[in-house]
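# Close look at the chain arrangement
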Amino acid sequence: MIEFEPQMLQVYLVAGSSNMSLGEDLITYVERALKAGITMFQYREKGPIKRTRGEKLALAQQLRSLTRQYHVPLVIDDDLELAIAIGADGIHVGQSDTQIQQVVRRAKQQGMFVGLSVSTPAQLANSGDLTGVNYLGSGPVNATKTKLDADPAIGIPGLLALQDQTDLPIVAIGGINVPIVAIGGINVPDVAKIAATGIAGVAMISALTQANEADLKLRVNQIKAAFA
Ligand code: 3NM
């Protein structure tokens, strides 16, 4: 299992079956993204294409071997049982998913790291005890067409407001340091400004899934350069 480090958040690809737009299947695409140099991958099976439990398990198992081959951490979105079943490196949960401390307790028993979505300082304050949470996913930075129930866009000021609760570049909660990854409607030209805030990385669906091979490599390299 890969231990969490904040640098892993730099080029954080989020994807599932519904996000494949170039005629590829998920596994073929994810291998292309791993080759292009993404630093973390989250399997997020949400959207119009519905997979059965068995299909999800089979896909997640394939993603497990693939990400292991490339030494890139695999995170499962919102499904702790699936994450445990396939031996994922991390679990990501949203505000509505479950009690965060229950997730933390079970994840830590398995040696997994934990990410939590937090959009506003009020949500951060109301999230309860965040001990054991390894990173926060914050957004949407810009309007997004990918997540239909996304909160209103928070922009760079919203990211700064979250950071303002503590010191840059890390949010300190209850005595632990938690880096933030920005998400939602982010394209490569936005990344320099986001990196300048001290945010640890960018999580993207469209900007990375709607890129052919050459573009994908270029985008990944541009993002890495912005955080270098
Ligand atoms: N979570 P794209 S926005 C999965 O704000 C997700 O928490 C969000 O996709 C949040 O890069 C989002 O295509 C969708 O906008 C990100």
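So, here is what we can say about the structure in this document. From a predicted model like this one, the values you see are computed outputs, not experimental measurements.

Analysis parameters
Residues numbered from 1 in each chain as written. Predicted model: local features only at pLDDT ≥ 70, side-chain atom pairs only at ≥ 80, totals over all residues. Heavy atoms only, no water. Near = heavy atom within 4 Å. Polar contact = N/O pair within 3.5 Å; in protein donor to acceptor, adjacent residues only side chain to side chain. 1 Å grid on protein atoms, 1.4 Å probe; cavity = no way out; pocket = protein on both sides within 12 Å on 5 of 7 lines; lining within 4 Å. Sits in = over half its atoms within 2 Å of the grid points. Nonpolar A, V, L, I, M, F, W, Y, C, P; charged D, E, K, R; others polar. Phe/Tyr/Trp six-rings, centres within 6.5 Å; stacked < 30°, edge-to-face > 60°. Helix = DSSP H or I, 4+ residues; strand = E, 2+ residues; numbered from the N terminus. Buried < 20%, exposed > 50% of the residue type's maximum accessible area, 1.4 Å probe, protein only. Contact = heavy atoms within 4.5 Å. Points joined across faces, edges and corners; volume = space filled by probe spheres on them. Pairing = 2+ DSSP bridges. Axes fitted to C-alpha atoms, helices over the stretch in contact; angles between N-to-C directions.

### Quick look at the site of the ligand
- Within the structure, the ligand sits among R44, G139, P140, T144, T146, K147, I183, G184, G185, M204, I205 and S206.
- Contact between the ligand and T146: an oxygen atom at 2.4 Å from a side-chain N or O atom of the residue.
- More than half of the atoms belonging to the ligand lie within 2 Å of the grid points that define the largest pocket.
- Along the lines of polarity and charge, the residues of the shell around the ligand split into four nonpolar, six polar and two charged.

### Digging into the packing of aromatic side chains
- Within the structure shown, the criterion is met by three aromatic pairs.
- Geometrically, the ring pair formed by F4 and F113 is tilted, given 5.2 Å between the ring centres and 55 degrees between the ring planes. With F4 in the segment before β1 (11–15) and F113 in strand β5 (residues 113–117), this pair connects stretches of sequence that are 109 residues apart. Across the pair, F113 and F4 agree in class, each one buried.
- With a centroid separation of 5.9 Å and an interplanar angle of 20 degrees, the aromatic rings of F4 and Y135 are classed as stacked. On the criterion of sequence distance, the pair formed by F4 in the segment before β1 and Y135 in strand β6 (residues 135–138) is long-range, its members being 131 residues apart. The exposure classification of F4 matches that of Y135, with both residues buried.
- Here the aromatic cluster, defined as three or more aromatic residues joined through ring pairs, consists of F4, Y12, F113 and Y135.

### Thoughts on the environment of G184
- Mapped onto the elements of the fold, G184 is located in the loop between β9 (180–183) and α7 (188–196).
- Note on G184: relative accessible area 10%, which makes it buried.
- On a C-alpha basis, the gap between G184 and M204 in space is 6.9 Å, while along the polypeptide they are 20 residues apart.
- Filtering out sequence-adjacent residues up to four positions away, G184 remains in contact with P140, V141, N142, T144 and A203.

### Structural notes on the layout of surface pockets
- Reported here for the largest pocket is a volume of approximately 1,100 Å³.
- The wall of the largest pocket is formed by 46 residues, among which R44, K147, D149, A150 and I183 lie closest to the centre.
- Breaking the lining of the largest pocket down by element, the ones donating at least two residues are β1, β4 (90–93), β6, β9, β10 (201–204) and α8 (206–209).
- Of the residues in the lining of the largest pocket, the class split is 17 nonpolar, 20 polar and nine charged.

### Observations concerning the sheet that holds β10
- Pairing in this closed barrel of eight strands is parallel, and the strands run β1-β2-β3-β4-β5-β6-β9-β10 around the ring. The average undirected angle you get between the axes of adjacent strands in this sheet is 25 degrees.
- Here β6 runs beside β9; their pairing, made up of three bridges, is parallel. From the neighbouring strand, S138 faces β9, where its bridge partner is A182.

### Quick notes on the side chain of T39
- By the element assignment, T39 lies in the loop between α1 (26–36) and β2 (40–43).
- Its relative accessible area of 16% is what places T39 among the buried residues.
- From its side chain, T39 meets the backbone oxygen of M8 in a polar contact 2.8 Å long.
- Of note is the side chain of T39, whose polar atom sits 2.8 Å from the backbone nitrogen of V11.
- Excluding anything up to four places from it in sequence, T39 contacts Q7, M8, L9, Q10, V11, Y12, V72, P73 and K224.

### As for the environment of Q10
- In this fold, Q10 is placed in the segment before β1.
- Under the relative-accessibility criterion, Q10 is labelled buried at 18%.
- Q10 sits 123 residues away from V133 along the chain, and the two C-alpha atoms are 18 Å apart.
- Excluding residues that lie within four positions of it along the chain, Q10 makes contacts with T39, A200, G201, V202, I223 and F227.

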